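The lines below spell out each chain.
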Amino acid sequence: MHGPFQRAARTAARHIAPLALGFSALCGVSAFAQDWPAKPITVIVPFPAGGGTDLVVRSVQVALQKALGQQLVIDNRAGAGGTIGSGLVARANPDGYTVGIATTSTHAVSTGVYKKLSYDPVKDFAYGGLIGTSPYVLVANPELKATDIKSFIAALRARPEGASFASVGAGTVSHLLGEKFKDVAKAPLVHVPYRGAAPAYTDLIGGQVQFMFDNPVGLAPYIQSHKLVAIATTAPDTLLAGVPTFAQAGVAGFDQSLWYGFAFPKNTPSAIVDKFNRALTAVLSDRTVAADLAAKGVRATPGSSAAMQGTVARDAPFWRGIALAAGATAD
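In this report, we go over the structure that sits alongside the text. (Residues numbered from 1 in each chain as written. Predicted model: local features only at pLDDT ≥ 70, side-chain atom pairs only at ≥ 80, totals over all residues. Heavy atoms only, no water.)

A few words on the overall build of the chain. If you tally the helices and strands in the chain, you get 11 helices and 11 strands. Evaluated residue by residue, the chain yields a buried proportion of 49% over its 331 residues. Across the chain, contacts joining residues at least 24 apart in sequence account for 79% of those joining residues at least 6 apart. With an accessible surface of roughly 15300 Å², the chain has 58% of that area assigned to carbon and sulfur atoms. (Helix = DSSP H or I, 4+ residues; strand = E, 2+ residues; numbered from the N terminus. Buried < 20%, exposed > 50% of the residue type's maximum accessible area, 1.4 Å probe, protein only. Contact = heavy atoms within 4.5 Å. Areas by Shrake-Rupley, 256 points an atom, 1.4 Å probe, with all protein chains shown as cover.)

Here is the structure:
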């Protein structure tokens, strides 16, 4: 082959070679994803063992292991409101063998209360799907003698010394919802942050603070024993049957829930993320798993990876706006 035929062959080769390499790489990724998982998967939980997030993960752990055919090894990496563990996930090898637990706190609220965040919740993760959601409930000390939103606000306004609200920590959702409620109450309210739920509950029951927002799973026993009064919830919950939502009580803008889900490092092959999502969806559709989550105040919420990505993209600016308006920062 000589002359123009040689040149044409060389030109064709230059174009075909990259395509062949690309096709080969694509086949490699596809085969890798097909074989995945071939070994145990590490699940980084960015909160302490035995805490609420840890318990939610353990509700799906056994069934998800069975669906994937591999062990899920839980690695608790607590610290800085969950941002330390989340940062580890963002920087992990995107081979499908490290996945983290993302929550409203770590992947939405964090963007507004931490000045320097080591990850971008929208850009640095490939989301495996939500596990479930849990509403927030507004509870008050019985001494206020309030049973609904109207009487509760009236009681706050009637206090000449003002009122205070507890939170499970500065810069948490518990704190930000209290700040947001100031616009509804139109009364002088002082925020009192605590290091965790237990001391906050103790002072709330003792009357040192007048109200707080938190998830129902921890508060339900105190509500049922009449040590605290449930005023309204951000969404219906089986643990708080009969307690109206804020919307039902005529207060708009309080429909937020705490969500839990799985997040892989960005660049994790989409075929792996999709395979994981299908397994998770099947697990969450199991009645036994859903019932176990419900007992912990969490509603199983199966959905696509894209749906969770949209949740993060929507919620991050919402909570960031509240945090900036209130000047709220994390401890």
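This part is about the nonpolar core. Counting residues in hydrophobic clusters, the biggest one holds 76 residues, and the most contacted among them are Phe152, Leu156, Phe181, Phe211 and Phe262. Among the elements that line this core, the one with the most residues is helix H9 (residues 270–284), at 7 residues. (Core = buried A, V, L, I, M, F, W, Y, C linked by side-chain atoms within 4.5 Å.)

Right, let's talk about the sheet that holds strand E6 (residues 163–167) for a bit. Strands sit in the order E7-E6-E8-E5-E9 across an open sheet of 5 strands; the sheet is mixed. For this open sheet the edge positions go to strand E7 (189–193) and strand E9 (229–233), each flanked by a neighbour on one side alone. The mean angle between the axes of side-by-side strands here comes to 25°, regardless of whether they run parallel or antiparallel. Note that E6 and E7 share 5 bridges and pair parallel. (Pairing = 2+ DSSP bridges. Axes fitted to C-alpha atoms, helices over the stretch in contact; angles between N-to-C directions.)

Take the pairing of E6 next. Within E6, 5 of the 5 residues are buried, leaving the element largely enclosed by the surrounding structure. The side-chain alternation of E6 yields two buried faces, one formed by Ala163, Phe165 and Ser167 and the other by Ser164 and Ala166. On the question of chirality, the crossover connecting E6 to the parallel E7 by way of helix H6 (residues 173–185) is right-handed. Across 2 bridges, the pairing between E6 and strand E8 (residues 211–214) is parallel. The partner of alanine 166 across the bridge, within E8, is methionine 212. (Right-handed = clockwise from strand over helix to strand, strands pointing away.)

Between helix H2 (residues 52–68) and H9, whose axes approach to 9 Å, the crossing angle comes to 130°. As judged from the angle between their axes, H2 and H9 are oblique. The hand of the H2/H9 crossing is right-handed. Here Val60, Ala63, Leu64, Ala67 and Leu68 of H2 come into contact with H9, specifically with Phe276, Ala279, Leu280, Val283 and Leu284. Looking at the contact of H2 with H9 residue by residue, the classes come out as 10 nonpolar, no polar and no charged. (Parallel < 35°, antiparallel > 145°, perpendicular 65-115°, else oblique. Left-handed = near helix turned anticlockwise from the far one by under 90°. Nonpolar A, V, L, I, M, F, W, Y, C, P; charged D, E, K, R; others polar.)

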